Amino acid sequence: MPVPFGPDMPVPVPKPRARYKRAGGSLQSQLSSESVVSRQVGVVPNGETPQPPVEQASMQTRPIKQKTPRAATIRVSRRKQAAASGGGGDQIAESSRRESVVSRSSWLDVWKGRRHNVLWATLDGPLVSLWKKRTDKFTDIVFHVSSITDVRKQEKGRFSIYFSKKHFEFMAHNKEVQEGWVTSLLASRGRDVPVPPEQHGALTMKNPRSSRVYAAICGHNLWIYNNKEDFQLGVGMTFVSMNVASVKQTGRHNFSLITPYKTFNFSTDSLRELGVWLGSLTQVIRSALSCSEVAERLWVSPWNKVCADCGCANPEWASVNLLVVICEACAGQHRSLGIHVSKVRSLKLDIKVWTEPLILLFVHYGNKAANEVWAHNVPGAEQILPDSSVDQRGEFIRAKYTKGRYRRTHPLASSQNLLNKRLCEIVCGPNVPETMSLLCSGARVLCHSGDPQCSSPISLAERAGQAMQTELLRHNEYTEAQQRPCYLGPLVCCRYTYTMSASQLPRRGLRSGCEIVNVRVAGEELHGKLEEDRFLFSQENDSAACDVLDLREVISIFDCSNGPTHAFEMVTLTDQLLCSSDTEDGLLVHLLHILKVVLPGPIDEEVPDRGFAMSRVSLREGGGLQHNEVWAVLRGGQVLIYPTDQQRHRERLTLNLETQYKIDSSENTIELVTGERTMSMQFERDHSCQSWHSLLKRAVTTERKLYQLPPNVIGNVPPAIERCISHITQYGLKVDGLYRRCGLATKISCLVDALCSSPTTTPLDTYEEGLLDAAGALKQYVRQQVVLIPETHRKLWVEAAAHTEETFRLATYRGLLKKLPSDNRITLNALCGHFYIVQQYSTENRMTAQNLALVFVPTLFPELATNTDMVQLTRELIIHHTLLFLVRHFELHLFYWTMEHIAA
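Residues numbered from 1 in each chain as written. Predicted model: local features only at pLDDT ≥ 70, side-chain atom pairs only at ≥ 80, totals over all residues. Heavy atoms only, no water.

K.L.:
I would appreciate a short explanation of the overall build of the protein chain in the present structure.
P.N.:
Within the protein chain, the secondary structure is distributed over 26 helices and 35 strands. Put simply, the protein chain has 904 residues, and 54% of those count as buried. For the protein chain, long-range pairs separated by at least 24 residues make up 62% of all intrachain contacts whose partners lie at least 6 apart in sequence. Split by element, the accessible area of the protein chain, about 40,800 Å² in all, is 51% carbon and sulfur. (Helix = DSSP H or I, 4+ residues; strand = E, 2+ residues; numbered from the N terminus. Buried < 20%, exposed > 50% of the residue type's maximum accessible area, 1.4 Å probe, protein only. Contact = heavy atoms within 4.5 Å. Areas by Shrake-Rupley, 256 points an atom, 1.4 Å probe, with all protein chains shown as cover.)

Quick look at the structure:
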């Protein structure tokens, strides 16, 4: 039977199960807080989705069905970090235009036939690649520019790319981005056709289902196509670089291509074909490992043929933001500086990072230009050699790149404003060495240019068609700005001016000579839509996406509600988003969707309330040294621990006035002591640590009952039941056989009488027998003093319990609960919520939901205690407590629950 939805309830698209496992940890955990961009978000009504471009009249009668966003449109206000790729006007010189061809990237709406998606598109020299996410290792679509037969510009940011027998439709978020893509694609059409493949043919690929594909070995890559027709057109799904792959036979006709990121499983039609493919792939892998195209091209410059730091021959590593080619020994020391200082990449393994403009940067400048800046005055006694020790090498590299001891400072280094202004001027031309000097002296890539059309140096360089400048700036976008030489002078901090010496600077936050600017600048207005595990941003409701946030990048969420304001803050390693709504329900829809994506477990009970907090932390128990990555959720006086390891169970810690906690700001750590347990939680950002500490302080000092009820409810729970639930929740959840084992009958009767007369002052024991007595007193009190289901309602409950469709039963229970008197409903809510918590500790107390239902059903329906349908009903009230009692958007949650169970 279909799930009953309200007349105004939109039917959401079910969220598919995650297709990959989140990698633990992040290399960007050391990002400077100065690179954080604040965004403010508010909920507005849904807007229309953009229509695909249509050229032929025959297509106008068959509109393309587009993917409907999962949640309401959101209005976004944010400071723009860098404009999307655009430019390429008529005034740009032909040389600059040709240079800009090899560097083009932005989010585009893409239609392939009737299929629509938002993809990250890049043009890197001869290849156009489309990715679902920027961090993906393998493309969704890739093709060589020589395969393009025509490029046509249309209205409203749309353009088409044609091949001999098919075409793709694109839509950019503004006219500049559209112009840039069309200009670059038209200018790139004169490139030579790639060398014919050495081996090609049909294969069966398991991904995980078996599908027929066409594969071809082109150079040092294995290209994979949907079919032979796409192979002939030159439009592939993805390609695999052979210098990071290995091949092995896995069956009579099967073989696997193994990479660090993914394993591709193929099957051939015969043993002969298997032998041909294995031989060809093995030969290509051997050739790719012995010869790297990137290394060979960089080594053309004699300066890049030796390590920039120690002079070792044939270096195979590079720091892509510092623009130096280095040996393996020095690369290890560069990594120790942190990714916020030096981004180390391999010349032979990290193929994706080596775009054409980056290669040209190293070929034309590289070690020669970098050392003219970073090693301008190195004393002979301090210069390291290939045989220098690890300590000598580390000390020299720290002095060179972190302290700037040997650098040549820019003449404008005494003024941060002048440095930033000069950077905005110089990136519009080809003078890369001066750009390096400015960055070395502390110029900021994220500074505001003052141009309303291009707000940052990156967007200025893109508009000017300076691909190499753009590439250099992008790799330094989130690195820590270099410390400028010490000059005494005024420092601007939060609009207050101080004059102080370097020794008087605070230890954290400010560095000597730095000018701290107010980041609360006027931002651009965007619209956002939640779609599966992504947050799509567009400049207008009916325009294409200009940016995409992967929700799996979220590391923290905090409640920011205050009085009538309903808001929460979402934090990533690089951004902070403030999301607000006029209504609590409107905010809850978005927040619940985000929690479903982020948390590694079910979130039915984690309905956010005031004081809600959630963060990814590194957890250490007691005095042990082992750290585990977990998600910590602060909700309603409890801390819930979600292990990222799905094999481990979720844990629950109850907070009270005796809970101890302390913060270590230098290590971004909070130590929490509850009972006999001590936990140390280390956060990835100081902002997350401080926010957690503030909300934790509020949660610990707030007196609350230990059972959970929704806010603003009508009705009262008998004080005796409140007292027993709170006592057992705090001390008795791990008692073996709780509610099933019987205490002393005479003592239980006396305890019930005492609770009836003075529930708040009756003494309750905390040892095991005393807790069993308290559980027995709760059962006896409810049976003797409370009627939870009135006699007139029981027939409807019996009919609902007998229905065979579970979704119908749950929907009916929800309706019957609303018909109960307010005191009955709130008391039943408190009891079922308590039993829900008890069954979560069933590994210790052996009280599963089924066992609790057998104990509790005589209390609900005394005359039907042996009826299996009523036992099932009681069990469902317990295990679906949150869904039935707490969730406002019941139909929405029931839909998700149904879809997930069908998929399972």
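So, next bit.
K.L.:
In this structure, what is going on with the side chain of H727? I would like to understand it.
P.N.:
Mapped onto the elements of the fold, H727 is located in helix α16 (residues 719-731). Note on H727: relative accessible area 7%, which makes it buried. Every residue in contact with H727, bar those within four places of it in the chain, is listed here: G732, L764, D765, T766, L771 and A774.

K.L.:
Explain the state of the cysteines here, please?
P.N.:
Following the criterion strictly, the structure yields 0 disulfides and no others. Between C424, a free cysteine, and C447, which holds the nearest cysteine sulfur, the sulfur-to-sulfur gap is 3.9 Å. Residue class for C424 comes out buried when judged on its relative accessible area of 10%. (Disulfide = S-S within 2.5 Å.)

K.L.:
Looking at this model, I keep getting lost on the nonpolar core. Mind explaining?
P.N.:
A general feature of soluble globular proteins is that nonpolar side chains tend to end up buried together. I721, Y739, W797, L828 and L831 are the most contacted members of the largest nonpolar core, which totals 60 residues. Apart from residues lying up to four places away in sequence, L831 is in contact with I721, I725, L778, V782, L788 and F856. Formed by 59 residues, the second largest nonpolar core is a distinct cluster that contains C330, A331, V373 and A461. (Core = buried A, V, L, I, M, F, W, Y, C linked by side-chain atoms within 4.5 Å.)

K.L.:
For this particular structure, what's the right way to read the sheet that holds strand β7 (residues 150-153)?
P.N.:
Backbone hydrogen bonds are what pair the strands of a sheet, in a parallel or an antiparallel way. Read across the open sheet, the 8 strands follow the order β7-β8-β9-β3-β4-β5-β6-β13; overall the sheet is antiparallel. Each end of this open sheet is capped by a strand with a single partner; those strands are β7 and β13 (235-236). The pairing of strand β5 (residues 127-131) with strand β6 (residues 141-144) spans 4 bridges and is classified as antiparallel. Following the sheet pairing, V128 is matched in β6 by F143. (Pairing = 2+ DSSP bridges.)

K.L.:
Help me understand the packing of aromatic side chains in this model?
P.N.:
One pair of aromatic rings is described through two measures. These are the centre distance and the angle between the planes. In total, this model carries 20 aromatic pairs according to the counting rule given. Pairing W223 with F239 gives two aromatic rings, centres 5.3 Å apart and planes at 20°, and the pair type is stacked. With W223 in strand β12 (residues 221-225) and F239 in strand β14 (residues 238-241), this residue pair connects regions lying 16 residues apart in the sequence. Look at W223 and you get buried, because its relative accessible area is 8%. Pairing F264 with F266 gives two aromatic rings, centres 6.5 Å apart and planes at 10°, and the pair type is stacked. In this structure F264 comes out as buried when scored by relative accessible area, which is 4%. With relative accessibility at 1%, the residue F266 sits in the buried group. (Phe/Tyr/Trp six-rings, centres within 6.5 Å; stacked < 30°, edge-to-face > 60°.)

As far as function goes, none of this settles anything; it's purely spatial.
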